[in-house]
Amino acid sequence: MTLFGRTLDGQEIAALVSLLLMLVLWIIVWRDNRRETNWFKAWNAERKARRDAEIAAEGGTSDTPSDKSEPRGPWG
């Protein structure tokens, strides 16, 4: 087999095939990781919205820092 005018033997062809398979594997893992991250962000946003709705239905205030005028954290 020739590639760009160079004749490739069996070992070089096997190396190219393995490199291509590793690239495909890396893309699959990256895509699944991105999908999992997006799912977790959406789940966390839905959970926070549900919690805020429950707190508002009870007549209380939520614990988000934007709702309180006092500082939060260990130093104040």
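Everything in this summary refers to the structure shown in the same document. Quick caveat: nothing in here was measured; it's all calculated off a predicted structure.

A few words on the overall build of the protein chain. When its secondary structure is counted, the protein chain shows 1 helix and 2 strands. In the protein chain, the succession of helices and strands from N to C terminus is β-β-α. Within the protein chain, the fraction of its 76 residues that count as buried is 5%. When the accessible area of the protein chain is evaluated, it comes to approximately 7,000 Å², of which 62% is carbon and sulfur surface.

Attention now moves to the pattern of salt bridges. Under the criterion given, the structure shown has 3 salt bridges. Glu12 is the salt-bridge partner of Arg6, the closest N and O atoms lying 2.6 Å from each other. When the shortest N-O distance is used, the salt bridge between Lys48 and Asp52 registers 2.9 Å. Of this pair, Lys48 and Asp52 are both found in helix H1 (residues 10-58), 4 residues apart, which corresponds to roughly one turn of the helix.

Now for the packing of aromatic side chains. For the coordinates displayed, the defined rule picks out 3 aromatic pairs. Judged by centre distance (6.2 Å) and plane angle (15 degrees), the rings of Trp39 and Trp43 are stacked. Residue Trp39 and its partner Trp43 are located together in helix H1, separated by 4 residues, close to a single helical turn. The rings of Trp39, Phe40 and Trp43 are connected pair by pair, giving a single aromatic cluster.

A word on the environment of Met1. Residue placement: Met1 occurs in the segment before strand S1 (2-3). A relative accessible area of 59% places Met1 in the exposed class. Residues Met1 and Ile13, 12 residues apart in the sequence, show an inter-C-alpha distance of 8.5 Å.

Residues Met1, Leu3, Phe4, Leu16 and Leu19 make up a contiguous nonpolar surface patch of about 590 Å² in total accessible area. Secondary-structure assignment places Leu19 in helix H1. Relative accessible area serves as the criterion here: at 59%, Leu19 is assigned to the exposed category.

Thresholds applied
- Residues numbered from 1 in each chain as written.
- Predicted model: local features only at pLDDT ≥ 70, side-chain atom pairs only at ≥ 80, totals over all residues.
- Heavy atoms only, no water.
- Helix = DSSP H or I, 4+ residues; strand = E, 2+ residues; numbered from the N terminus.
- Buried < 20%, exposed > 50% of the residue type's maximum accessible area, 1.4 Å probe, protein only.
- Areas by Shrake-Rupley, 256 points an atom, 1.4 Å probe, with all protein chains shown as cover.
- Salt bridge = Lys/Arg side-chain N within 4 Å of Asp/Glu carboxyl O.
- Phe/Tyr/Trp six-rings, centres within 6.5 Å; stacked < 30°, edge-to-face > 60°.
- Patch = residues over 30% accessible without salt bridge, like charges linked within 9 Å, V, L, I, M, F, W, Y side chains within 5 Å.

It is worth stressing that arrangement in space is one thing and function is another; only the former is reported here.
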